[in-house]
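Coordinate analysis (summary)
Each chain is listed here by its residues.
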Amino acid sequence: MKYGHFDDNRREYVITNPRTPWPWINYLGNEDFFSLVSNTGGGYSFYKDAKFRRLTRYRYNNVPMDSGGKYFYINDGETVWSPGWKPCKTELDSYECRHGMNYTTIKGVKNGVEAEALYFVPLKTWAEVQKLTLRNTTNEVKALKIFSFVEWCLWNAASDMENFQRNFSTGEVEIEDSVIYHKTEYKERRDHFAYYSVNEPMQGFDTDRETFFGLYNGFDEPQTVLEGAPCNSEAHGWSPIASHYVEVVLQPGESKELVYVLGYVENAPEEKWESKNIINKTKAKATIARFDTAAKVDAALAELNAYWDNLLNVFTIKTGEEKLDRMVNIWNQYQCMITFCFSRSASFFESGIGRGMGFRDSNQDLVGFVHQIPERARERIIDIASTQFPDGGCYHQYQPLTKKGNNEIGQGFNDDPMWLILGTTAYIKESGDFTILDEPVPFDNEIGSEVSLFHHLTVSFDHVVNNLGPHGLPLSGRADWNDCLNLNCFSNDPNESFQTTENKSEGSQAQSLMIAGLFVVYGRDYVELCKVIGKTEEAARAQQHIDAMVAAIKLNGWDGDWFIRAYDYFGNKIGSKDNEESKIFIESNGWCTMAGIGLEEGMVAKALDSVKERLDCEHGIVLNNPPFTKYYIEYGEISSYPPGYKENAGIFCHNNPWIMIGETVQGRGDRAWEYFRKICPSYTEEISDLHKVEPYVYAQMIAGKDAFKPGEAKNSWLTGTAAWNYYAITQYILGIQPTYNGLRIEPCIAPEWKGFAVTRKFRGATYQIEVKNPNGSMKGVASLTVDGKAIEGNTIPLMPVGGTYKVEVVMN
Ligand code: BGC
């Protein structure tokens with residue numbers, strides 16, 4: 001069952017039934033000011049950091065689901081309703097929500113009145129702009145009472161939810177003209193406030209939540225709205241809100257547009273005040289003035305659309321597969337922008353409080369984003385590398401506002417350092433900008449500790465080399481990519497965190513085959529980079545370590561039909577035929593096949609066949625099999641999940657593309673394509689009722705074959721799945737790979753594909769690539785021409801900037 005449809009021309013997903021099986025959301029803003037908005041108007045806003053600068057309040061996991069947001073209430077004299085159905089839940093005559101590229105419109109029709117709310121964050125603006133369009137489609141005059149609503153958060157989203165003995169006494173607002181200002185704590189250490197305006201004189205307002213709703217009423221029945229009269233309340237403590245009251249009379253056929261601005265301001269300490277206790281509103285007024293007419297709002301939206309045209313024009317495909325094209329051309333790239341912006345911090349599954357930017361996560365996110373805005377990728381790489389330590393270890397997460405490493409989670413995840421090599425080389429291959437390697441970058445953000453970024457790559461590489469276990473394989477530390485395989489944790493105390501407890505870290509010998517494969521793949525990237533920049537000795541030194549690792553994997557990591565997953569604290573194998581449960585895991589088989597380890601000896605094919613046989617199912621490839629059915633203290637969190645969920649035999653989508661890429665190493669385009677389709681959201685749209693989350697973005701996890709409800713997805717939006725699937729489809733299946741000195745074309749496709757077309761902007765030139773597959777091949781390029789001229793090999797050399805070039809590729 002579907003709840004809407006794709007509108008590819010407008011790059012929108014159109015939801016036509018508000019009762020989606022889970023709130024289906026969108027993100028507004030892509031630089032400093034952000035909002036999350038659901039298909040019924042739920043959600044919240046923040047500036048840069050969802051924890052430290054939360055502007056509006058949101059209650060996660062509430063009853064009913066998705067309560068609180070940016071709401072409009074309409075009292076038409078007979079009925080009280082909302083354009084998004086929620087919160088009033090008055091049955092609408094029609095409903096439509098369109099989620100587009102950083103904007104959302106929600107339209108409801110009731111009793112002949114059409115109300116459409118547009119929400120977006122204009123470019124370079126610290127505000128969300130809302131345009132409410134009201135239309136009278138009847139032959140009668142309509143007198144409407146419009147109430148807006150937002151609820152302020154007291155800035156720190158964590159303390160906002162817990163420190164009520166203080167919070168209930170701090171709230172302060174100012175009201176001037178049609179603007180409601182939220183200035184809690186501005187008097188003391190804060191130099192920022194928020195505001196909510198409307199571009200019409202208001203006939204009333206409310207800023208005190210209890211007065212607006214009535215203490216025992218829900219979002220669906222605010223007392224003032226039901227009574228059709230605001231109370232002009234001024235909040236002192238308790239819970240400040242902002243609600244404007246505007247009366248609108250519409251003649252038959254008439255329409256009216258109201259513009260609301262929800263913004264954020266920072267003032268320098270000496271400019272904080274206009275007069276005693278009266279805040280300096282200059283910046284707020286300037287922003288409000290930029291959007292004080294509907295025409296200005298429309299122009300800003302057009303700018304945002306043009307911005308997205310530009311971003312999405314860098315890479316477009318035409319394959320004849322509508323569902324594939326819409327993912328690659330629109331939604332997958334869009335999701336990559338979102339994961340770039342938020343890492344794993346704020347979604348409807350991530351509270352915005354717990355996790356900031358992840359070291360491994362944000363590096364991986366770059367491979368889906370770097371072609372869109374390389375300059376921003378560059379900045380991110382420097383930020384990430386600045387949280388590293390001199391020995392190559394690094395903070396697992398950092399806070400976006402302060403950019404400081406998060407002490408609570410600390411370090412010790414031994415895969416982390418290698419991802420910096422991926423992020424950096426992906427950036428240089430895309431941009432050709434080698435100067436980033438000379439950029440001075442501190443350790444642990446300490447001024448004076450700066451070394452070149454290249455040095456950070458060296459210590460990343462050496463962190464693995466310096467942390468090898470008894471089998472010559474990398475020590476896993478707290479955990480490798482699989483945060484839940486905690487091999488030193490040994491926790492039997494429910495009050496301990498699996499992620500940070502290391503009851504047996506001293507002298508731990510637990511080793512990871514996932515890091516081993518990762519090291520080979522990105523170690524080779526490091527070697528290649530060293531060679532390209534003339535560091536041949538370093539390249540040779542590094543190569544020796546890689547060769548040794550390959551040998552160690554073949555010797556100690558091969559189980560006969562697949563690669564084992566790890567050695568535990570005691571030196572026992574994990575993910576081996578000898579284990580009672582979880583005999584095989586996806587990660588090590590993904591990384592070792594991507595690295596092509598034992599390709600000639602048939603190990604890659606065998607490992608991939610074992611994955612197919614034991615891990616693949618209707619909805620994707622599960623992480624391990626058979627699932628753990630009891631708690632293994634020596635494995636940690638992974639065995640805490642019920643079978644089929646999360647890291648215990650869930651389809652953890654992030655790692656499925658590792659197998660797809662592994663299949664392309666083996667040359668089996670049919671398998672790669674089959675795996676791609678299984679988890680690709682646009683291909684699961686038809687089963688949205690089972691799948692549950694948005695059909696336009698990837699989710700972290702789909703319940704696996706052993707779960708109670710196989711096929712049910714969770715944790716949409718903020719997952720490395722977005723970048724990895726984009727990377728797998730564009731670079732390994734379609735095979736368009738940026739390299740240091742050109743664009744390599746190496747498709748690995750299903751034999752029934754007759755060909756496909758790609759337009760790729762790369763280093764200032766545009767390549768119109770036509771791939772032909774006359775013989776139904778899966779891999780291998782027979783010939784390549786650029787503007788009719790034959791090229792040796794399969795790499796298009798860099799062509800003069802500004803030009804457009806026709807590239808024809810014929811497969812074997
Ligand atoms: C985390 C990743 C981790 C993965 C597997 C995700 O939720 O963001 O850092 O690698 O889970 O455990």
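Everything below is about the structure printed above this text.
As a starting point, this report considers the structure included with it. (Residues numbered from 1 in each chain as written. Predicted model: local features only at pLDDT ≥ 70, side-chain atom pairs only at ≥ 80, totals over all residues. Heavy atoms only, no water.)

1. A word on the overall build of the chain
Of the regular secondary structure elements, the chain holds 19 helices and 44 strands. Taking 28 Å as the expected radius of gyration for a compact globule of 812 residues, we find that the chain reaches 28 Å, a close match to that expectation. Here the C-alpha coordinates of the chain stretch approximately 80 × 60 × 55 Å along the principal axes. Sorting the 812 residues of the chain into buried and exposed places 64% on the buried side. (Helix = DSSP H or I, 4+ residues; strand = E, 2+ residues; numbered from the N terminus. Rg over C-alpha atoms; globule rule 2.2 N^0.38 Å. Buried < 20%, exposed > 50% of the residue type's maximum accessible area, 1.4 Å probe, protein only.)

2. Examining helix α5 (residues 294–312)
Taking 1.5 Å per residue as the helical rise, α5 with its 19 residues ought to reach 27 Å, and the 27 Å between its terminal C-alpha atoms agrees with that figure. Within the sequence span of α5, burial applies to A294, V297, A300, L301, L304, W308, L311 and L312. Take α5 and look down its axis: the buried residues cluster within an arc of 125°, on one side only. The outward face of α5, more than 90 degrees from its buried face, is lined by the exposed residues A295 and N310. In the core, the buried residues of α5 are packed alongside β10 (103–110), β11 (113–120), β12 (127–136), β19 (255–266), β22 (315–318) and α6 (322–342). (Expected span 1.5 Å × (residues − 1). Arc of directions from axis to C-beta. Contact = heavy atoms within 4.5 Å.)

3. Topic: the layout of surface pockets
If you add up the space inside the largest pocket, you get close to 830 Å³. Contributing to the lining of the largest pocket are 33 residues, with K429, Y727, Y732, Q737 and R744 lying nearest its centre. At the level of secondary structure, the elements contributing two or more residues to the lining of the largest pocket comprise α9 (416–431), α11 (513–532), α15 (656–666), α19 (721–733) and β37 (736–739). Partitioning the lining of the largest pocket into residue classes produces 17 nonpolar, seven polar and nine charged. (1 Å grid on protein atoms, 1.4 Å probe; cavity = no way out; pocket = protein on both sides within 12 Å on 5 of 7 lines; lining within 4 Å. Points joined across faces, edges and corners; volume = space filled by probe spheres on them. Nonpolar A, V, L, I, M, F, W, Y, C, P; charged D, E, K, R; others polar.)

4. Some thoughts on α11
Residues three or four positions apart in an α-helix share a direction because the helix packs 3.6 residues into each turn. With 20 residues, α11 should reach 28 Å at 1.5 Å per residue; the first-to-last C-alpha distance of 29 Å fits that figure. Counting buried residues in α11 gives 16 out of 20 residues, a clear majority hidden from the surface. For α11, the capping residue at the N-terminal end is S512, with a side-chain oxygen 3.1 Å from the backbone nitrogen of M514. Note on α11: the residue one or two positions beyond its end, G534, has a positive phi of about 80°. (Polar contact = N/O pair within 3.5 Å; in protein donor to acceptor, adjacent residues only side chain to side chain.)

5. Topic: a nonpolar patch on the surface
A cluster of nonpolar side chains, F164, F168 and W238, forms an exposed patch at the surface whose accessible area comes to about 310 Å². Here W238 is to be found in the loop between α3 (223–227) and β18 (240–250). For W238, a relative accessible area of 49% puts it in the partly exposed group. (Patch = residues over 30% accessible without salt bridge, like charges linked within 9 Å, V, L, I, M, F, W, Y side chains within 5 Å. Areas by Shrake-Rupley, 256 points an atom, 1.4 Å probe, with all protein chains shown as cover. Salt bridge = Lys/Arg side-chain N within 4 Å of Asp/Glu carboxyl O.)

6. Here we look at the site of the ligand
As a matter of local geometry, the ligand sits amid R344, R355, R360, D361, W481, N482, D483, E647, F652 and Q700. Contact between the ligand and R355: an oxygen atom at 3.1 Å from a side-chain N or O atom of the residue. One of the side-chain N or O atoms of D361 is found 2.8 Å from an oxygen atom in the ligand. Against a free-state accessible area of 310 Å², the protein chains account for coverage of 95% of the ligand. Applying the majority rule of atoms within 2 Å of the grid points places the ligand in the second largest pocket. Grouping the constituent residues of the shell around the ligand by class yields two nonpolar, two polar and six charged. (Near = heavy atom within 4 Å. Sits in = over half its atoms within 2 Å of the grid points.)

7. Digging into the sheet that holds β11
The antiparallel open sheet is built from 10 strands, whose spatial order is β1-β2-β9-β10-β11-β12-β19-β16-β15-β14. Of all strands in the sheet, those bounded by a partner on one side alone are β1 (4–7) and β14 (173–176). Across the sheet, the mean angle separating the axes of adjacent strands is 15° when strand polarity is ignored. Both β11 and β12 contribute to a ladder of eight bridges, which runs antiparallel. Its bridge partner being in β12, F120 is matched across the sheet by V129. Helix-sheet contacts for α5 involve β10, β11, β12 and β19, and the interaxial angle to β11 is about 50°. (Pairing = 2+ DSSP bridges. Axes fitted to C-alpha atoms, helices over the stretch in contact; angles between N-to-C directions.)

8. Describing the sheet that holds strand β36 (residues 713–716)
With antiparallel pairing, the three strands of this open sheet are ordered in space as β34-β35-β36. A strand with exactly one partner marks an edge of an open sheet, and here the two such strands are β34 (651–652) and β36. Note that β34 and strand β35 (residues 699–702) share two bridges and pair antiparallel. In the strand pairing of β35, F652 is matched with M701.

9. Section: the packing of aromatic side chains
Under the defined criterion, the tally for this structure stands at 78 aromatic pairs. With centroids separated by 6.0 Å and ring planes inclined at 70°, the aromatic side chains of Y71 and F219 adopt a geometry described as edge-to-face. A residue pair is termed long-range when its members are at least 10 positions apart, and Y71 in strand β7 (residues 71–75) and F219 in the loop between α2 (209–213) and α3 qualify at 148 residues. Side by side, Y71 and F219 carry an identical accessibility label, which is buried. Ring geometry for F149 versus F212: centroids 5.7 Å apart, planes at 10°, classification stacked. Taken as a pair, F149 in strand β13 (residues 142–155) and F212 in helix α2 lie far apart in primary sequence, 63 residues in all. Both residues of the pair, F149 and F212, count as buried. (Phe/Tyr/Trp six-rings, centres within 6.5 Å; stacked < 30°, edge-to-face > 60°.)

10. Some remarks on the environment of E200
Inspection of the secondary structure puts E200 in the loop between β16 (192–198) and β17 (204–208). A sequence separation of 374 residues divides E200 from I574, and the C-alpha atoms of the two residues are 66 Å apart. Sequence-distant contacts of E200, that is, excluding residues within four places in its chain, are made with S178, V246, K256 and L258.

11. Concerning empty space enclosed by the protein
Following the criterion strictly, the structure yields four cavities of 30 Å³ or more and no others. Taken as a whole, the largest cavity holds about 70 Å³ of empty space. Around the largest cavity, the lining is made up of 13 residues, and of these T40, F72, P83, G84 and Y119 lie nearest the centre. Elements represented by at least two residues in the lining of the largest cavity include exactly β7 and β11. Here the residues of the lining of the largest cavity sort into seven nonpolar, four polar and two charged. Considering the residues around the second largest cavity, the lining is formed by R54, R57, Y58, Y60, C153, A157, D160, M161, S351 and I353. A breakdown of the residues in the lining of the second largest cavity according to their chemical character gives six nonpolar, one polar and three charged.

12. What to know about the side chain of K51
With respect to the element layout, K51 can be found in the loop between β5 (43–47) and β6 (54–56). Although buried, K51 forms no salt bridge, and the nearest oppositely charged side chain, E408, lies 5.4 Å from it. If near-sequence neighbours (up to four positions away) are discounted, K51 is found in contact with W155, N156, A157, A158, G352, I353 and Q399. (Lys, Arg positive; Asp, Glu negative; His and termini not counted.)

13. Observations regarding unusual backbone geometry
Among all residues save glycine, negative phi is the norm, and among peptide bonds the norm is trans. A cis geometry characterises the amide bond from V63 onward to P64, with omega recorded as -5°. By secondary structure assignment, the location of P64 is in the loop between β6 and β7. Put simply, N625 and P626 share a cis peptide bond, and its omega is -10°. One non-glycine residue with positive phi stands out, namely W85, at about 70°.

14. Thoughts on the pairing of β35
In this structure, β35 lies alongside β36, joined through three bridges in antiparallel fashion. If you follow A699 over to β36, its bridge partner there is S716.

15. Comments concerning the pattern of salt bridges
Taken as a whole, this structure holds 59 salt bridges when the rule is applied. Its salt-bridge partner being R360, residue D483 comes within 2.8 Å of it at the nearest N-O pair. Of this pair, D483 sits in the loop between α10 (453–465) and β27 (511–512) while R360 sits in helix α7 (residues 359–369), and the two are 123 residues apart along the sequence. Judged by relative accessible area, D483 falls into the buried class, the value being 14%. Residue classification places R360 among the buried positions, given a relative accessible area of 2%. A salt bridge links R478 to E502, with the nearest nitrogen and oxygen atoms 3.1 Å apart. Note that R478 is positioned in the loop between α10 and β27 and E502 in the loop between α10 and β27, a separation of 24 residues in sequence. Its relative accessible area of 31% is what places E502 among the partly exposed residues. Members of the salt-bridge network, linked through shared partners, are D7, R10, E12, E96 and R98.

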